[in-house]
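Coordinate inspection notes
One letter stands for each residue in the lines below.
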Amino acid sequence: MCHDVARHSYARKAMGTDLGIVLYSAEPKQAAALASNAFALAESLEAILSDYRDNSDVRRLPRLVGEPQAVNPHLWAVLEQGQALSAASDGAFDMTVGPLVMAWRHSSLLGRLPDEAVLAKRRAASGWQGLSLHPANRTVTVTRLGMRLDLGGIAKGYIADQMLALLAIGGCTNALIDAGGDLVLGGPPPGREGWEVKVAGSDKALQLSHCGVATSGASQRFLEVDGMRYSHIIDPRTGLGVTHPWQVTVIAPNGLLADAWASACSVLGKESGDALIRRYSGLRAIWTAVP
Ligand code: AMP
Ligand code: MG
């Protein structure tokens, strides 16, 4: 039976957040099946990329130090692009912050900052240059003992990109993925110029399509000690959460770039972050101060 093109939306809990799909289709059954496949894909990618899962590829990789290891192609894709972001941001974006993130999680339970001795040890176990990628055979060598990878600043964007690509292969090109407020947009709703996207913390609404939009910053999760707010975004130079009040929304050609650049900008703060991102065409940052 033939239907008119209509809007369909689907939601699941995944990646520790609400994961949503909105798409336009004239075939409701086919659309529902496609959405269900996209959610299944997200789940299988999360099993590879999540640092919360004890047996994920991400958790297993740093257990062997000093030897090249073959990695899952999805993990390779994320690591390769993430390392490029680390180089571009002079280490502000850093997927090896895992040991520092663990210290941060512990601190937020206790309500106090980690000791300097603990921090120094954790900083020594991390650092993006402690991860060597060998493109010729797509292997990865971890060179620091105690390293732990954390793809929390990039994997959501990658997974949403993969979901959108799967929908497109199935014929649904007018679609969006909403990963807890971070968006990956395909073609616009029929007859429209773009998807209406509200920018977090501002009254701006933009018409966007074929891009990624991610927001990152101090407001979302923080630890307060002596009146100072420490964000869950770690400054790899200090090992502590950043303390500036800026929240940033990045619009980029895809979800991975939006996600990772938003995290990088969150570390750098408005002045340095904005100066850096302006050097790249195709990227745009909107900053709002969190009260
Ligand atoms: P997002 O909300 O996308 O900025 O991601 C925040 C998450 O990224 C944190 O919860 C950590 O898992 C991870 N993260 C924290 N600091 C950094 C950093 N400097 N570089 C990359 N990822 C980070
Ligand atoms: Mg991010």
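Structure: above.
Each chain has its residues counted from 1, following the order in which its sequence is written. Chains carry letters from A onward and ligands carry numbers from 1 onward, assigned in written order. Per-residue local features of the predicted model are confined to residues with pLDDT of at least 70, and side-chain atom pairs are confined, for both listing and counting, to 80 or more; whole-chain, interface and lining totals are unaffected and use all residues. To obtain the side-chain values, all non-hydrogen atoms of the structure were included, while hydrogens and water were left out.

Things to note about the packing of helix α4 (residues 98–110) against helix α5 (residues 116–125)
What counts, and what does not: Between N-to-C directions, angles cover 0 to 180 degrees, with each direction set by a line fitted to C-alpha atoms, over the stretch in contact for helices. Numbered from the N terminus, helices here are DSSP runs of H or I no shorter than four residues, and strands are runs of E no shorter than two. Relative orientations are named as follows: roughly parallel for angles under 35 degrees, roughly antiparallel for angles over 145 degrees, roughly perpendicular for angles from 65 to 115 degrees, and oblique for any other angle. Contacts between residues were defined by any pair of non-hydrogen atoms, one from each residue, lying within 4.5 Å. As a working rule, the residues Ala, Val, Leu, Ile, Met, Phe, Trp, Tyr, Cys and Pro are called nonpolar, Asp, Glu, Lys and Arg charged, and the rest polar, with Gly in that last group.
Relative to each other, α4 and α5 sit at 150°, their axes nearing to 7 Å. The orientation of α4 with respect to α5, classified from their angle, is roughly antiparallel. Note on element contacts: α5 touches α4 through L119, R122, R123 and A125, opposite P99, L100, M102 and A103. When the residues that make up the contact of α4 with α5 are grouped by side-chain class, the tally is six nonpolar, no polar and two charged.

With respect to the nonpolar core
Within soluble globular proteins, side chains that are nonpolar tend to cluster in buried spots. Just so we agree on the cut-off: We call a set of buried Ala, Val, Leu, Ile, Met, Phe, Trp, Tyr and Cys residues a nonpolar core when their side-chain atoms join them within 4.5 Å. Exposure is judged per residue with a 1.4 Å probe applied to protein chains only, and the accessible area is read against the type maximum: over 50% gives exposed, under 20% gives buried, and values in between give partly exposed.
Among the nonpolar cores identified, the biggest contains 66 residues, and I21 and L151 are the most heavily contacted of them. Sorting elements by how many residues they give to this core places helix α7 (residues 255–277) first, with eleven residues. Core analysis: the second largest hydrophobic core is formed by 14 residues, Y24, L176, V199 and L206 among them.

Quick look at the pattern of salt bridges
Going by this rule: Whenever a carboxyl oxygen of Asp or Glu lies within 4 Å of a side-chain nitrogen of Lys or Arg, that contact is scored as a salt bridge.
Taken as a whole and judged by the stated rule, the model has 13 salt bridges. Between D54 and R63 there is a salt bridge, with the nearest N and O atoms lying 3.4 Å from each other. Ionic pairing is found between R229 and E224, a salt bridge with its closest N-O pair at 3.8 Å. On the accessibility criterion, R229 (35% relative accessible area) is partly exposed. The class for E224 is partly exposed, based on a relative accessible area of 47%. If you follow the salt bridges from partner to partner, you end up with D51, R105 and R148 in one network.

Concerning the environment of D54
Threshold: Under the rule applied, a polar contact is a pair of N or O atoms within 3.5 Å (in protein, one hydrogen donor and one hydrogen acceptor; residues adjacent in sequence only if both atoms are side-chain atoms).
Within the element layout of this structure, D54 appears in the loop between α1 (28–49) and α2 (57–60). In contact with D54, other than residues within four places in its own chain, are R59 and R63. Among the polar contacts listed, one links the side chain of D54 to the side chain of R59, at a separation of 3.1 Å.

A closer look at helix α6 (residues 155–169)
Quick reminder of the rule: By definition here, a helix of n residues has an expected span of 1.5 Å times n minus one.
In a regular helix each residue adds 1.5 Å, so 15 residues correspond to 21 Å; α6 covers 21 Å between its end C-alpha atoms and thus fits that length. Looking at the packing, one finds that the buried side of α6 touches β2 (17–25), α1, α3 (73–88), β6 (175–179), β7 (182–185) and α7. Backbone geometry just after α6 places G171 at a positive phi near 100°.

What about the sheet that holds strand β3 (residues 69–70)?
For clarity, the threshold we go by: At least two bridges found by DSSP between two strands is the condition for calling them paired.
Strand order across the open sheet formed by three strands is β3-β5-β4, with antiparallel pairing between neighbours. In this open sheet, the two edge strands, each paired with only one partner strand, are β3 and β4 (131–134). Examined bridge by bridge, β3 and strand β5 (residues 139–142) share two bridges and lie antiparallel to one another. Across the sheet, residue A70 finds its bridge partner in β5, namely T139. Each of β4 and β5 touches α3; the most contacted strand, β4, lies at about 115° to it.

Here's the deal with the coordination of the magnesium ion (ligand 2)
We count it as follows: Think of the donor list as every N, O and S atom within 2.8 Å of the metal, or within 3.2 Å for Na, K and Ca; water never makes the list, so a site can look incomplete.
For the magnesium ion (ligand 2), every protein donor is listed as G153 (O), D259 (O), D259 (OD) and S263 (OG), and the spread of their distances is 2.0 to 2.6 Å. Read in sequence order, the donor residues coordinating the magnesium ion (ligand 2) give the pattern G-x105-D-x3-S. Taken together, the residues span a long stretch of sequence, with G153 in the loop between β5 and α6 and S263 in helix α7 at a distance of 110 residues. Among the residues examined, S263 registers a relative accessible area of 11% and is labelled buried.

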